[in-house]
Amino acid sequence: RKEVEQDPGPFNVPEGATVAFNCTYSNSASQSFFWYRQDCRKEPKLLMSVYSSGNEDGRFTAQLNRASQYISLLIRDSKLSDSATYLCVVNIGSGNNRKLIWGLGTSLAVNP
Amino acid sequence: SQTIHQWPATLVQPVGSPLSLECTVEGTSNPNLYWYRQAAGRGLQLLFYSVGIGQISSEVPQNLSASRPQDRQFILSSKKLLLSDSGFYLCAWSVTDRPWGYTFGSGTRLTVV
């Protein structure tokens, strides 16, 4: 089993749709979680951290389920500019022993 | 504010040639620095990380090496490139005492021919 698993997609949705991505992780000692966005041929950029209580940033909502070891990202009212690959990232360890485990990403295409 | 610079943006090199990619960070001190590679259709692979000057940890044995001659400078090198070294190379930095993730440079797209 991969340490971090994501459905590669692609997810093809129309503008205005709501779309959700899930990500599962295998290490129960994982401490923090992130969603990154990567546009084609660009560097990944932090989209949002994922907190235990769940968090929302505009149209984006992230949830964490520690018992089931998955995190989710919900995008409401999709825009064309949301088209990208979304990377799930799990942090194991702390301080100088911190290690990020990266998923392979989920591809999203928002269509007009 | 902190910024990270990485160059060159694109590089085409013949097999067997040397490689030197440079990354610098501004606006912070003693950052953790990382070199990642993203091959076509694959995820981000951590190659090297450094927690201080002269301190390099290697994650994947290969024909690449890294050095950190100054606090905010991180260099990725190879003496002889292989075809399999082609990929998107990303430098990143982080601060250890903060819970959020990494900030990446804009990357170098390396094609070995």
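Below: a short report on this structure. This one's a predicted model, so the numbers in the text were calculated from it and none came from an experiment.

### Points about unusual backbone geometry
Now for step 1: Look at the link from A:G9 to A:P10: it is a cis peptide, with omega at 5 degrees.
Now for step 2: As for its position among the elements, A:P10 is in the loop between β1 (4-6) and β2 (11-14).
Now for step 3: Residue B:P8 follows B:W7 across a cis peptide bond; omega there is -5 degrees.
Now for step 4: Note that B:P8 resides in the loop between β1 (3-7) and β2 (10-13).
Now for step 5: A positive phi angle, near 65 degrees, is found at A:R41, a position not held by glycine.
Now for step 6: Phi is positive for B:N30, close to 50 degrees, though the residue is something other than glycine.
Now for step 7: Mapped onto the elements of the fold, B:N30 is located in the loop between β3 (19-26) and β4 (32-38).
Now for step 8: Its relative accessible area of 47% is what places B:N30 among the partly exposed residues.

### Let's talk about the environment of A:S78
All names here are of chain A.
Now for step 1: Tracing the sequence through the fold places S78 in the loop between β8 (70-75) and β9 (84-92).
Now for step 2: Given a relative accessible area of 1%, S78 falls into the buried group.
Now for step 3: With 63 residues separating them in the primary sequence, S78 and E15 have C-alpha atoms 5.2 Å apart.
Now for step 4: For S78, the contacting residues outside a window of four places in its chain are V13, P14, E15, G16, A17, V19, R59 and V110.
Now for step 5: At a separation of 2.7 Å, a polar atom in the side chain of S78 contacts the main-chain carbonyl oxygen of A17.

### Focus: the side chain of A:R37
All names here are of chain A.
Now for step 1: Mapped onto the fold, R37 is located in strand β4 (residues 32-38).
Now for step 2: In this structure the side chain of R37 is engaged in a polar contact, spanning 2.8 Å, whose partner is the side chain of D39.
Now for step 3: Within the local environment of R37, its side chain forms a polar contact with the backbone oxygen of S83, the two atoms lying 3.4 Å apart.

### Here's the deal with the sheet that holds β8(A)
Residue and element names in this part refer to chain A.
Now for step 1: If you walk across this open sheet you meet the 5 strands as β1-β3-β8-β7-β6, and the pairing is antiparallel. Among the strands making up the open sheet, the edge pair consists of β1 and β6 (55-57). The mean inter-strand angle of the sheet, taken between neighbouring strand axes irrespective of direction, is 20 degrees.
Now for step 2: Both strand β7 (residues 60-65) and β8 contribute to a ladder of 6 bridges, which runs antiparallel. Its bridge partner being in β8, T61 is matched across the sheet by L74.

### With respect to the pattern of salt bridges
Now for step 1: Summed over the entire model, instances satisfying the criterion amount to 6 salt bridges over all chains.
Now for step 2: Ionic pairing is found between A:R37 and A:D39, a salt bridge with its closest N-O pair at 2.8 Å.
Now for step 3: Here B:R68 makes a salt bridge to B:D71, at a shortest N to O gap of 3.3 Å.
Now for step 4: Overall, B:R68 belongs to the buried group, its relative accessible area being 3%.

### Regarding the sheet that holds β3(B)
Residue and element names in this part refer to chain B.
Now for step 1: One open sheet accounts for 4 strands, arranged β1-β3-β8-β7; its pairing is antiparallel. With partners counted over all chains shown, the strands left at the sheet margins are β1 and β7 (64-70), one partner each. The average undirected angle you get between the axes of adjacent strands in this sheet is 15 degrees.
Now for step 2: Where β7 meets strand β8 (residues 73-78), 5 bridges bridge the pair, whose relative direction is antiparallel. Its bridge partner being in β8, S65 is matched across the sheet by S77.

### Observations regarding the packing of aromatic side chains
Now for step 1: Evaluated as defined, the whole model comprises 13 aromatic pairs over all chains.
Now for step 2: A centroid spacing of 4.9 Å and a plane angle of 45 degrees characterise the contact between A:Y25 and A:F33, whose relative ring orientation is tilted.
Now for step 3: Of the residues examined, A:F33 reaches a relative accessible area of 1% and is grouped as buried.
Now for step 4: Here B:Y34 and B:Y36 contribute two aromatic rings whose centre-to-centre distance is 6.5 Å and whose plane-to-plane angle is 40 degrees, an arrangement assigned as tilted.
Now for step 5: Relative accessible area serves as the criterion here: at 1%, B:Y36 is assigned to the buried category.
Now for step 6: Three or more aromatic residues joined by ring pairs form one cluster here, namely A:Y36, A:W102, B:Y34, B:Y36, B:Y49, B:Y102 and B:F104.
Now for step 7: For B:R109, the ring lying beneath its charged end belongs to B:F88, and the centroid distance is 4.1 Å.

The rules behind these values
- Residues numbered from 1 in each chain as written.
- Chains lettered and ligands numbered in written order.
- Predicted model: local features only at pLDDT ≥ 70, side-chain atom pairs only at ≥ 80, totals over all residues.
- Heavy atoms only, no water.
- Helix = DSSP H or I, 4+ residues; strand = E, 2+ residues; numbered from the N terminus.
- Buried < 20%, exposed > 50% of the residue type's maximum accessible area, 1.4 Å probe, protein only.
- Contact = heavy atoms within 4.5 Å.
- Polar contact = N/O pair within 3.5 Å; in protein donor to acceptor, adjacent residues only side chain to side chain.
- Pairing = 2+ DSSP bridges.
- Axes fitted to C-alpha atoms, helices over the stretch in contact; angles between N-to-C directions.
- Salt bridge = Lys/Arg side-chain N within 4 Å of Asp/Glu carboxyl O.
- Phe/Tyr/Trp six-rings, centres within 6.5 Å; stacked < 30°, edge-to-face > 60°.
- Lys NZ or Arg CZ within 6 Å of the ring centre and 35° of its normal.

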